[in-house]
Amino acid sequence: KVVPDRVSAIYEVGEEAAFVITVSRGDQRVTDGSVSFVVDDFLSSGKAAGLPQGDVELGDAQAKVVAKGRRPEFLRCQVTYTPAEGKAVRASAGVGFSPEKIGLSLPVPDDFDEFWADQKRQLSKVAPEPKLTPVENTVDGVESFDVQVQCLGGAPVSGYFSKPASAKPKSLPIVLWVHGAGVRSSSLGNSLKGAQHGFLSMDINAHGSPNGKPGTFYSELSRGALSNYRHAGRESRDTIYFRGMYLRIVRAIDFLTAQPEWDGKTVVAVGHSQGGGQSLVAGGIDDRVTFIAPGVPAICDHSGNSAGRVNGWPKLVPNGADGKPDPKIQMAARYVDAVNFASRCKAEAIMSVGFIDAVCPPSSCYAAYNALLGKKSVINEPLMGHAAPQHIQDDFWTRIVEHAKSTKASGR
């Protein structure tokens, strides 16, 4: 099988970066067939956008495509190898130019904090009335429950909650797991992972849906009532779907911090994609949160087009016939943009960014990362698209455990 064994990028070398292209079969360089490439900025590509595009010669030497940064941005090189016989093979790599200078695409609305403070006041008037139903698990010394907690926004908090059975009062940190896009049950496995490591651990699904149902139940929801939840109610900040999703995060933290075993110190929120966006929101909407771990976060930079860059998932703001963002929807979207919550987040953070991620583009992730106020670090992946590989999940969990230990040791 002939595959490009590596298409890589030198990360920010002055004003230029070289994408290095090789094609090999095993340990041998391939010299037959053809290679074409095009560089894009996730909105426009190639010569029409003033970016490199063309063909390269196959031979013993590596081929290099030099791209120049025009501003703080990410560029992506997409390469196609077409063999003399057989199917074409594609590979990509990305490079960032001064990504730490990518800022907010639009200012945070003047009444952003007031709006969300009012939403939380309304939520506080709703009695939680948690219902815990014991759930069997295979882990000795851990108790698990299906939990439903009343909330504002049209649906309850729905999740699996696990804890060490013998935990003493005020002894355990909290970890809240939040979900990526789609419609599914909460994960008992995530809740168990946290509990096995000494956390009060809760995994909530994004929609307040019942847990543990057959796959057909969630498929029908996905095709029916939740078929386009991403864009539902987007004409107003009061009806936009993510409003309810974010309030469920606050109510889940309410439930967890009410547990007698909570140590009164540590609250972690972790997730990838839509879950990454929710973890950013958790850190910005609730000052009880002390650590967030957003992987390739979605729900970021809805107004990116206004700054000449691509909007993040779920492309919430459409452009009109004039090519400009719909002003009504863009205004509503600013109140649920995870970037704006990041600008309020003082929690410690670790984030992952895929430089060829077309779902949650790296510029949208960095807009959020740069806005974070607390101690932070980022895992940059020039060859990664929209993914949560095991090594990143492991790095996140290591940092979460370290944070809990250091917080306990410091007495904060």
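Analysis parameters
Residues numbered from 1 in each chain as written. Predicted model: local features only at pLDDT ≥ 70, side-chain atom pairs only at ≥ 80, totals over all residues. Heavy atoms only, no water. 1 Å grid on protein atoms, 1.4 Å probe; cavity = no way out; pocket = protein on both sides within 12 Å on 5 of 7 lines; lining within 4 Å. Points joined across faces, edges and corners; volume = space filled by probe spheres on them. Nonpolar A, V, L, I, M, F, W, Y, C, P; charged D, E, K, R; others polar. Phe/Tyr/Trp six-rings, centres within 6.5 Å; stacked < 30°, edge-to-face > 60°. Helix = DSSP H or I, 4+ residues; strand = E, 2+ residues; numbered from the N terminus. Buried < 20%, exposed > 50% of the residue type's maximum accessible area, 1.4 Å probe, protein only. Core = buried A, V, L, I, M, F, W, Y, C linked by side-chain atoms within 4.5 Å.

Undergrad: Summarise empty space enclosed by the protein; cite the residues concerned and give the values.
TA: For the coordinates displayed, the defined rule picks out two cavities of 30 Å³ or more. In this structure, the second largest cavity occupies an estimated 40 Å³ of space. Lining the second largest cavity are Leu104, Ser105, Leu106, Asp301, Ser303, Arg334, Asp337, Val339 and Asn340. Its residues assigned to classes, the lining of the second largest cavity shows three nonpolar, three polar and three charged.

Undergrad: If you had to explain the packing of aromatic side chains to someone new, which residues and values would you point to?
TA: Using the criterion set out here, one finds 19 aromatic pairs in the structure. Judged by centre distance (5.5 Å) and plane angle (20°), the rings of Trp177 and Trp397 are stacked. Separated by 220 residues along the polypeptide, Trp177 in strand S12 (residues 172-178) and Trp397 in helix H9 (residues 390-410) bring together distant segments of the chain. Among the residues examined, Trp397 registers a relative accessible area of 9% and is labelled buried. One aromatic cluster is present, built from ring pairs that chain together Phe112, Phe115, Trp116, Tyr229, Tyr241, Phe242, Tyr246, Trp313, Tyr335 and Phe341.

Undergrad: Can you break down the layout of surface pockets residue by residue, with the values?
TA: Each pocket or cavity is described by its volume, and for the largest pocket that value is around 310 Å³. Around the largest pocket, the lining comprises 18 residues; the ones closest to its centre are Trp177, Asn190, Gly271, His272 and Gln393. Elements that contribute at least two residues to the lining of the largest pocket include exactly S12, helix H2 (188-196), strand S14 (262-272) and H9. Counting residues per element, the lining of the largest pocket draws most heavily on H9, at five residues. Counted as a void, the second largest pocket has a volume near 180 Å³. A breakdown of the residues in the lining of the second largest pocket according to their chemical character gives six nonpolar, three polar and five charged.

Undergrad: Let's hear about the nonpolar core: which residues, and what values?
TA: Judged by nonpolar contacts, the single largest core of 78 residues is most densely connected at Trp116, Leu176, Met202, Tyr246, Leu280 and Leu372. Of all hydrophobic cores here, the second largest spans 20 residues; its members include Val56, Ala63, Ala67 and Val79.

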